[in-house]
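Working through the structure, step by step
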Amino acid sequence: QVYLAESGGGSVQTGESVKLSCAASGWTASINFMGWFRQAPGKEREFVAAISRSGGNTVYADSVKGLFTISSNYDKNTVNLQMNSLKPEDTAVYYCAARRYSGNLYDPKNYNYWGQGTQVTVFL
């Protein structure tokens, strides 16, 4: 079993930045990718970014390229998401996820473990 815990969410004004963190515990050796998803009210869960456990490979959704940066601390089993130039459209619950097997990284069904989510609210 893998346990994920997000932190760092909050409320900010448009244009400000937020850094989210995710701590993984349990059988972390089984993880090959970790990712971030977000879900706004009335919307489907949306892929944001993913990173290999080695930190050598990153993938971003088109909507956040150049604005968000995913990073990892392999030794500490943590993953971060630096979110810059935030807009109201970024308001959502952000979830940390871990993939054990394979499948498209943008599909939440291919992730095996999930955190409880952290709320990010961006005001006008």
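The structure this text deals with has already been given above.
Overview of the structure. (Residues numbered from 1 in each chain as written. Predicted model: local features only at pLDDT ≥ 70, side-chain atom pairs only at ≥ 80, totals over all residues. Heavy atoms only, no water.)

Residues Leu4, Met34, Trp36, Leu81, Met83 and Tyr94 are the most contacted members of the largest nonpolar core, which totals 35 residues. Leu4 has contacts with Cys22, Ala23, Ala24, Met34, Cys96, Ala97, Ala98, Tyr113, Trp114, Gly115 and Gln116, leaving out every residue within four places of it along the chain. (Core = buried A, V, L, I, M, F, W, Y, C linked by side-chain atoms within 4.5 Å. Buried < 20%, exposed > 50% of the residue type's maximum accessible area, 1.4 Å probe, protein only. Contact = heavy atoms within 4.5 Å.)

Mapping Pro108 onto the fold places it in the loop between strand S9 (92-99) and strand S10 (113-114). Residue class for Pro108 comes out partly exposed when judged on its relative accessible area of 22%. Apart from the residues within four sequence positions on either side, Pro108 is in contact with Phe37, Arg45 and Trp114. (Helix = DSSP H or I, 4+ residues; strand = E, 2+ residues; numbered from the N terminus.)

This part covers the pattern of salt bridges. Per the counting criterion, the structure on display carries 4 salt bridges. Residue Arg38 is joined to Asp90 by a salt bridge in which the shortest nitrogen-to-oxygen separation is 2.9 Å. With Arg38 in strand S4 (residues 33-39) and Asp90 in the loop between strand S8 (78-83) and S9, this pair connects stretches of sequence that are 52 residues apart. Accessibility expressed as a relative area gives 7% for Arg38, which makes it buried. For the salt bridge of Lys65 with Asp62, the shortest nitrogen-to-oxygen distance reads 2.9 Å. A cluster of three or more residues bridged by salt bridges with shared partners is formed by Arg38, Glu46, Lys87 and Asp90. (Salt bridge = Lys/Arg side-chain N within 4 Å of Asp/Glu carboxyl O.)

What follows concerns the sheet that holds strand S3 (residues 18-26). Pairing is antiparallel across the open sheet formed by 4 strands, whose spatial order is S1-S3-S8-S7. Two strands bound the open sheet, and with one partner strand each, they are strand S1 (2-7) and strand S7 (68-73). For this sheet, the mean angle separating the axes of adjacent strands, direction not counted, is 15°. With 6 bridges joining them, S7 and S8 adopt antiparallel strand pairing. What sits directly across from Ile70, in S8, is Leu81. (Pairing = 2+ DSSP bridges. Axes fitted to C-alpha atoms, helices over the stretch in contact; angles between N-to-C directions.)

A word on unusual backbone geometry. We note that Asn77 has phi near 55°; this positive angle belongs to a residue other than glycine. When you line up the elements, Asn77 lands in the loop between S7 and S8. A positive phi angle is found at Ser85, which is not glycine, with a value near 50°. On the secondary structure map, Ser85 appears in the loop between S8 and S9. The class of Ser85 is partly exposed, set by a relative accessible area of 39%.

Time to look at the state of the cysteines. Applying the stated criterion to the full structure yields 1 disulfide. Disulfide partner of Cys22: Cys96, at an S-S distance of 2.0 Å. When the S-S torsion is -80°, as for the bridge of Cys22 with Cys96, the disulfide is left-handed. Of this pair, Cys22 sits in strand S3 while Cys96 sits in strand S9, and the two are 74 residues apart along the sequence. (Disulfide = S-S within 2.5 Å.)

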